[in-house]
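For reference, the chains in residue letters:
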Amino acid sequence: MNSRTMWLFGAGLLCLAGAVLAVATQGFAEANPAGANPNPVRLMRPPAAPLSAMAQLGREIFYDASLSSSGALSCASCHSPDHAYGPPNDGPVMLGGATLSRPGARAVPSLTYLERHPNFSIGPDKGDDDNVVYLAQMAALGQQAARTTKTAGGSGASANIAPQGGLFWDGRADTLQDQALFPLLDPNEMDGGSAEIVADKLRRAPYANRFVELFGAGVLKNQRLLIAEAMFAVARYQVEEPSFHPYTSKYDYWLEGKARLSESELRGLQAFNDPDKANCAGCHTSAPTRDGLPPLFTDHQYEALGAPRNAALVKNRDPNYFDLGVCGPHRTDMPEQTQYCGMFLTPTLRNTAVRHAFFHNGVFRSLEQVLDFYNFRDTNPEKVFPHGADGAVRKYDDLPQKYHANVDVTDPPFDRHPGDRPAMTDQEEADIIAFLKTLTDGYKPEN
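Residue numbers restart at each chain and count upward from 1, following the sequence in its written direction. Local features in this predicted model are restricted to residues of pLDDT 70 or higher, and side-chain atom pairs are both shown and tallied only at a pLDDT of 80 or more, whereas totals for entire chains, interfaces and linings draw on every residue. Each side-chain value is derived from all of the structure's non-hydrogen atoms; neither hydrogens nor water enter the calculation.

Peer 1: Requested: an account of the overall build of the protein chain, with residues and values cited.
Peer 2: Only DSSP runs of H or I with at least four residues qualify as helices, and only runs of E with at least two residues qualify as strands; both kinds are numbered from the N terminus onward. The secondary structure content of the protein chain amounts to 13 helices and six strands. The 447 residues of the protein chain split such that 53% are buried. Two residues form a contact once any of their heavy atoms are found within 4.5 Å. For the protein chain, long-range pairs separated by at least 24 residues make up 70% of all intrachain contacts whose partners lie at least 6 apart in sequence. Computed with the Shrake-Rupley method and a 1.4 Å probe, the accessible areas treat only the protein chains shown as cover for residues. A total accessible area of about 19,400 Å² is found for the protein chain, and carbon and sulfur atoms account for 54% of it. Burial status follows relative accessibility: with a 1.4 Å probe on protein chains alone, a residue under 20% of its type maximum counts as buried, one over 50% as exposed, and anything between as partly exposed.

Put into structure tokens, the structure is as follows:
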């Protein structure tokens, strides 16, 4: 089953499965203090097999630091296998360039769990129609369409005419091979310099003979083909290597009846799925599909949440610079679709507890800060946003005023107002974090 087929099938069933899971977890902590799942399921994980010759080549390239201008930065440097293929550092971004001193523009996303990631589209998935025409038509329709509220177990996640799919924070790449090429050439990352330089390094690499074995001697003379096949090999490595999508978290095993959640973890799961509390599952789907595909903890859609500006980012020293996500500046094909300015991809929450930078700009450094943002953004904005010289709270300070209307004020818990009771108590926040830690891979079940 290819990724698009899996996505279409899974998306159509997530709402039903989410509703069932939400009902199952209501009051579960009180009903079953032992913490076992009363309705275990059988999860269908990707089959494990020896890496193909193409994937083995991709592994060599993934760990090859010589392709960078510094000679010290590989794909694995920013996407560390010891950190769920996310950044190994504690800062908001990674450093790259020839002297490893140039900061990246955004927080490094994880490369895990992309095997079922859909291509970029707008609105309900429309298959393989002419994407250019379709994007323009759906974007125009989206300018006038009313927004559907997304709640855990509800149907809004697949109904909105909003961007979905694609790779990077703005969805500008559809394939893993395209995603691999961007940082290779980016002067703030691996800084490969040019296609000519990269191709020459590939010809002189210790694994150059593998290209010849797979594609024939002519591949080394064709610069464009050589780079394309190299990036495709990296993509195959990511698809075939089980550690990119192991589904070995405590939560996975709990779904299968092979692990028990603590009382705090169970309460966190309940609040995670509760539309009147955190409503996390409204975007971060927590239920397996009916055919047993494990939950990805993302609906692959884009949201404008209005996170605070990160003063630690070099580009943000310019008060006129704004990262607008889907409508620029890194993505260049949708600048006129201003209804999507400020929207960024909803990431998976799998392995989120091992990260140290959250949201596209890395403004939050802990899960506690993230939960506080969700809890107080609208009821007590002074707790999460900076104050101006006049003492006023600078809400949505990382988004120009003209785009503030794009910010989600519909989906719980963002439907609250100043003076309202926050959605979560301190204990509920702590419980949700306890649950999020059960999404870290590498758990060893007792049975």
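From this point, things continue past the structure.
Peer 1: Describe the side chain of glutamate 115, listing the residues and the values that go with them.
Peer 2: Its location among the elements puts glutamate 115 in the loop between β2 (102-103) and β3 (121-122). The charge count includes Lys and Arg as positive and Asp and Glu as negative, but it does not include His or the ends of the chains. Each salt bridge in this description consists of a side-chain nitrogen of Lys or Arg and a carboxyl oxygen of Asp or Glu lying within 4 Å of one another. Arginine 116 provides the closest opposite charge to the buried, unpaired glutamate 115, separated from it by 4.7 Å. Here tyrosine 247 takes part through its side chain, which lies 2.5 Å from a polar atom of the side chain of glutamate 115. Pairs of N or O atoms are called polar contacts if they sit within 3.5 Å, as long as, within protein, a hydrogen donor faces a hydrogen acceptor (for residues adjacent in sequence, only side-chain-to-side-chain pairs).

Peer 1: For the nonpolar core, give the residues involved together with the corresponding values.
Peer 2: A general trend in soluble globular proteins is that nonpolar side chains are found buried together. Working definition of a nonpolar core: buried Ala, Val, Leu, Ile, Met, Phe, Trp, Tyr and Cys residues. They are joined through side-chain atoms within 4.5 Å. One finds Phe272, Phe373 and Leu436 to be the most contacted residues of the largest nonpolar core, which totals 42 residues. Among the elements of the structure, α10 (250-255), α11 (263-273), α12 (367-376) and α13 (426-436) are those that each provide at least two residues to this core. Of all the elements, α12 adds the most residues to this core, at five residues. The contact partners of phenylalanine 373, leaving out residues within four places of it in the chain, are Leu305, Gly306, Ala307, Pro308, Phe359, Phe364, Val384, Phe385 and Phe414. One finds Ala55, Ile61, Met94 and Leu114 within the second-largest nonpolar core, a separate group that totals 39 residues.

Peer 1: Would you mind going over the packing of helix α6 (residues 176-185) against helix α9 (residues 223-240) in detail, with residue names and values included?
Peer 2: Contact geometry of α6 with α9 gives a least axis separation of 8 Å together with a crossing angle of 115°. The handedness of the crossing between α6 and α9 comes out as right-handed. Contacts between α6 and α9 involve Leu176, Gln177, Gln179, Ala180, Leu181 and Leu184 from the former and Ile227, Met231, Phe232, Val234, Ala235, Gln238 and Val239 from the latter. Of the residues that constitute the contact of α6 with α9, the class distribution is 10 nonpolar, three polar and no charged. Angular values range over 0 to 180 degrees, each being the angle between N-to-C directions of two axes fitted as lines to C-alpha atoms, with helices fitted over their stretch in contact. Less than a right angle of anticlockwise turn of the near helix away from the far helix marks a crossing as left-handed, whereas a clockwise turn marks it as right-handed. Asp, Glu, Lys and Arg are counted as charged, while Ala, Val, Leu, Ile, Met, Phe, Trp, Tyr, Cys and Pro are counted as nonpolar; the rest, among them Gly, fall into the polar class.

Peer 1: Tell me about the layout of surface pockets, and name the residues and values.
Peer 2: By volume, the second largest pocket amounts to about 530 Å³. Surrounding the second largest pocket, 31 residues form its lining, Phe168, Arg172, Pro183, Asp186 and Glu189 being those nearest its centre. Of all the elements in the fold, those that place two or more residues in the lining of the second largest pocket are α4 (75-78), β1 (95-96), α6 and α9. Considering every element that reaches the lining of the second largest pocket, the biggest residue donor is α6, with four residues. The rule is simple: put a 1 Å grid over the protein atoms alone, call a set of points where a 1.4 Å probe fits but cannot get out a cavity, call an open set with protein on both sides within 12 Å along at least five of seven lines a pocket, and count a residue as lining if it has an atom within 4 Å of a point. Grid points are joined across faces, edges and corners, and a volume is the space filled by probe spheres set on the points.

Peer 1: Tell me about the packing of α12 against α13, residues and numbers included.
Peer 2: For any two helices packed against each other, the geometry is given by the interaxial angle and the distance between the axes. Where α12 meets α13, the closest approach of the two axes is 10 Å, and the angle between their N-to-C directions is 130°. Here α12 lies oblique to α13, going by the angle between them. Here α12 runs over α13; the crossing is right-handed. Every residue of α13 that contacts α12 at Leu367, Glu368, Leu371, Asp372, Asn375 and Phe376 is listed here: Glu429, Ile432, Ile433 and Leu436. Partitioning the contact of α12 with α13 into residue classes produces six nonpolar, one polar and three charged. An angle counts as roughly parallel when it lies under 35 degrees, as roughly antiparallel when it exceeds 145, as roughly perpendicular when it falls between 65 and 115, and as oblique in every other case.

Peer 1: Break down the state of the cysteines for me, citing the residues and quoting the values.
Peer 2: Throughout, a disulfide means two cysteine sulfur atoms within 2.5 Å of one another. Considering all chains together, one arrives at one disulfide under this definition. Paired through a disulfide, cysteine 327 and cysteine 341 show a sulfur-sulfur distance of 1.9 Å. Looking along the S-S bond of the cysteine 327-cysteine 341 disulfide, the torsion reads about 135°, which is the right-handed sense. Of this pair, cysteine 327 sits in the loop between β5 (302-303) and β6 (344-345) while cysteine 341 sits in the loop between β5 and β6, placing them 14 residues apart in sequence. On the accessibility criterion, cysteine 327 (7% relative accessible area) is buried. Summary of cysteine pairing: cysteine 78 is not part of a disulfide, and the nearest cysteine sulfur, belonging to cysteine 75, is at 8.8 Å. Under the relative-accessibility criterion, cysteine 78 is labelled buried at 10%. Looking at cysteine 280, it has no disulfide partner, and the nearest cysteine sulfur is the one in cysteine 283, 9.2 Å off.

Peer 1: Hey, could you go over the packing of aromatic side chains for me, with residue numbers and the actual values?
Peer 2: Ring pairs are drawn from Phe, Tyr and Trp, using the six-membered ring of Trp, whenever the two centres fall within 6.5 Å, and their geometry is named by plane angle: stacked under 30 degrees, edge-to-face over 60, tilted for the rest. Evaluated as defined, the whole model comprises 27 aromatic pairs. Each ring, one from tyrosine 237 and one from phenylalanine 244, has its centre 5.5 Å from the other, and the planes form 85°; the classification is edge-to-face. Between tyrosine 253 and tyrosine 443, the ring centres sit 6.3 Å apart and the planes meet at 40°, which makes this aromatic pair tilted. In this pair, tyrosine 253 sits in helix α10 while tyrosine 443 sits in the segment after α13, placing the two residues 190 residues apart along the sequence. Overall, tyrosine 253 belongs to the buried group, its relative accessible area being 13%. Aromatic ring contacts, followed pair by pair, group Phe359, Phe364, Phe373, Tyr374, Phe385, Tyr396 and Phe414 into a single cluster. Taking the ring centre of phenylalanine 168 as reference, the NZ or CZ of arginine 172 above it sits at 4.0 Å. Comment: the charge-over-ring label is applied if NZ (Lys) or CZ (Arg) is within 6 Å of the ring centre and within 35 degrees of the ring normal. Positioned over the ring face of phenylalanine 376 is lysine 383, at 4.3 Å from the centre of the ring.

Peer 1: Describe helix α7 (residues 195-204), naming the residues involved and giving the relevant values.
Peer 2: Taken as a whole, α7 has its buried residues at Val198, Ala199, Lys201 and Leu202. Projection of α7 onto a plane perpendicular to its axis shows the buried side chains occupying an angular sector of 160°, all on one side. Those residues of α7 hidden inside the fold are in contact with α6, α8 (208-215) and α9. The arc in question is the one traced by the directions running from the helix axis out to the C-beta atoms.

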